[in-house]
Amino acid sequence: MKAFCKKYSRQLIIIAIIIVAIIILGILKPSRETLLSHTSPEMQKMIEADENSTRKRVTVTYNSLFIINYASLSTSGANVMSEHYVGFLGKVYPADEGPMKVVGQMVNYTYRMLGTGENLMHGAKLTILLTTLTVLFGLLLGTVLALGKISKKKVLSKISSAYIFFFRGTPLLIQLFVVYFTVPGIFGFAWRDLFNSSDAEAVYKGAFVAAVIAFALNSGAYCAEIVRSAIQSIDKGQFEAAKALGMSYGQTMTRIVIPQSIRRMIPNVSNEFIMILKDASLVFAISLMDITTISKNIMTSEGSYLVFIPALVIYLVITALFGFVFNKIEKKFSVYE
Amino acid sequence: MSENYEYILKTEHVSKRFGTLEVLKDISLSVKKGEVICIIGPSGAGKSTFLRSLNQLEKITSGKIFIRDELFLHRENDHTIDRLPREKQQELLLEMGMVFQRFNLFPHKTVLQNVCEAPIVVKKEKKEEAEARARELLDRVGLSDKADEYPSRLSGGQQQRVAIARALAMNPEIMLFDEPTSALDPELVGDVLNVMKELATTGMTMLCVTHEMGFAKEVADRVLFMADGIIAEEGTPGEIFTNPKAERTRNFLNAILEA
């Protein structure tokens, strides 16, 4: 631990400064109440009136993003009013026009695209969850396929090659459609059946399961090549030493070869992860609410062409974070070198 | 296990072809328990291939291999004619430990883990027992202080001694050494040879492919001179080194001694 701190002292200091800065800015940002108390007297009156009435006329949207927050109030009815406020560093700024309006929109869009306040299957959380599950299952499947491909049994090797050829030779989007529409169509089931319900949530969850399956099947083909080349890069002497010690093929693979291959796979797996992260945007085609779908919906419903900029930033931040994580994993696996 | 056998290891008419290249031609050899045999000869003579075909790292093309007088494998023209059942074969193969020229330690495991890996995984020994024995063996090869290091932190000589300890951990009756000092810096050779000498004095049956003539002279009961896939000459170290009969042996020894 001590050695770790010493080795990464500069990075740790930078990370600590960033975290402290976020916490301080977070504490300093105005509270929800402060933000809402800045509304015009007319709006105040309507809010108060709403409190004693079952029919709400004011819709309040409040988004808080770590260091900055945003409130939007709009009324329905004959006399439509709308007011927007941004809170930052203890101050409240009206955001009905000018640069502050853009800032407010960005906060709102980012908040929605991150999937804040929704369950795990929304926004950036969906993207990360889908990508992580895909890589995990893809690697498992890829390992099986790779072992098949390098197997001396011709049948296994042919099956693996055919699988890889098929999944690398067809578009992921069509594969997603096949898993989501064609397979249930042929076999007479629906993905929502998995959740013993036919409500919207079950449909949504079912679509998520279908997406994970389609992506993992596809990723397995790519991971197979990653695993295969890593295994084949292991010195033949390792197989011979294990054999001379009486270890079976399975023991040699699981205890000697694959553990050594893992480190060599990491850069390629990291690459695959980033590819899947971006491919995951294809789930808009089956109505899953990932970053891409949400940004496109915002574009359509609010006509805001700026929404794609925070979308790009979110993807970049996720890529950077996972790049960092993979880097650390690679270092951890390199201890013996 | 039965001790009533004449030869612990025997080959009859063993041949090995790689494509059209005949690497081993009709090699017959009988080894008694406790014998130390050194195999010398020019490179490309088939020494390593012969050693590797004994513990099945290479499949022989034809010939018979006996272990403890039992017919272990009989092949003709790349077809197996007769062999022991797989389990029995596996059991007998465990009686042969092998040390490689390039050590082939498992780089992702510590020295201690390298030594106790096979006893735990193959022989299903208890972890504590295997580790205790591994520490004894490391002590024997003079590396007890390196137990928790990774192989990459060790010198070549130390790695090779770990490799010997790793092979010994399976309690083999026969040790095969495939040029164990060829990949080492000259100053590291001595430590490895000392371990091998110590092993020879304990009555271990040993087959060593080696270029260390001094070692062969001192330790071997028998020296085989191999050239072009045959055993060109064999005899005691005295016979081979002081009075070689075959012309090829003389040329080889002259070349080595001049160098």
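Residues numbered from 1 in each chain as written. Chains lettered and ligands numbered in written order. Predicted model: local features only at pLDDT ≥ 70, side-chain atom pairs only at ≥ 80, totals over all residues. Heavy atoms only, no water.

Re the pattern of salt bridges
Residues and elements named next belong to chain B.
- Following the criterion strictly, the structure yields 23 salt bridges over all chains and no others.
- A salt bridge links D78 to R75, with the nearest nitrogen and oxygen atoms 3.5 Å apart.
- Shared partners join several salt bridges into a network, and the residues in it are K33, R68, E95 and E173. (Salt bridge = Lys/Arg side-chain N within 4 Å of Asp/Glu carboxyl O.)

Let's talk about the interface of chain A and chain B
- Each side of the interface is counted separately: chain A has 19 residues, and chain B has 25 residues.
- Taking both partners together, chain A and chain B bury about 1,800 Å²; carbon and sulfur atoms supply 60% of that area.
- For the pair chain A and chain B, the number of links is two salt bridges.
- Of the charged contacts, one joins A:E240 and B:R52 as a salt bridge, the two residues approaching to 2.6 Å between their closest N and O atoms.
- Across the contact surface, chain A and chain B share nine residue pairs in polar contact (both at pLDDT 80 or more).
- Mapped onto the side of chain A that touches chain B, the elements with two or more residues apiece are α10 (236-244) and α11 (249-279) of chain A.
- The dominant element in the side of chain A that touches chain B, judged by the number of residues it contributes, is α10(A), at seven residues. (Contact = heavy atoms within 4.5 Å. Buried area = accessible area lost by both parts, 1.4 Å probe. Polar contact = N/O pair within 3.5 Å; in protein donor to acceptor, adjacent residues only side chain to side chain. Helix = DSSP H or I, 4+ residues; strand = E, 2+ residues; numbered from the N terminus.)

Examining the packing of aromatic side chains
- This structure, assessed with the given rule, holds eight aromatic pairs over all chains.
- Members of the aromatic cluster, each reached through a chain of ring pairs, are A:Y163, A:F166 and A:F167.
- We note A:K328 situated over the ring of A:F324; from NZ or CZ to the ring centre the distance is 4.9 Å.
- Across the ring face of B:F66, the terminal group of B:K10 is positioned such that the distance to the ring centre comes to 4.8 Å. (Phe/Tyr/Trp six-rings, centres within 6.5 Å; stacked < 30°, edge-to-face > 60°. Lys NZ or Arg CZ within 6 Å of the ring centre and 35° of its normal.)

Notes on the side chain of B:Q89
Residue and element names in this part refer to chain B.
- Inspection of the secondary structure puts Q89 in helix α2 (residues 86-93).
- The exposure class of Q89 is buried, given its relative accessible area of 9%.
- Residue contacts for Q89: discarding those within four places in its chain leaves F72, L73, R83 and L84. (Buried < 20%, exposed > 50% of the residue type's maximum accessible area, 1.4 Å probe, protein only.)

So, the environment of A:I286
- Secondary-structure assignment places A:I286 in the loop between α11 and α12 (291-302).
- On the accessibility criterion, A:I286 (4% relative accessible area) is buried.

As for the sheet that holds strand β4 (residues 62-67) of chain B
Residue and element names in this part refer to chain B.
- If you walk across this open sheet you meet the five strands as β2-β1-β4-β5-β6, and the pairing is antiparallel. With partners counted over all chains shown, the strands left at the sheet margins are β2 (21-31) and β6 (79-83), one partner each. Taken pair by pair, the neighbouring strands of this sheet meet at an average axis angle of 15°, ignoring direction.
- By the bridge criterion, four bridges tie strand β5 (residues 70-76) to β6 in an arrangement that is antiparallel. Bridging from a neighbouring strand, E76 pairs with H79 of β6.
- Packed on one face of the sheet, helix α1 (residues 47-54) meets β1 (9-18), β2 and β4 and runs near 60° to β2. (Pairing = 2+ DSSP bridges. Axes fitted to C-alpha atoms, helices over the stretch in contact; angles between N-to-C directions.)

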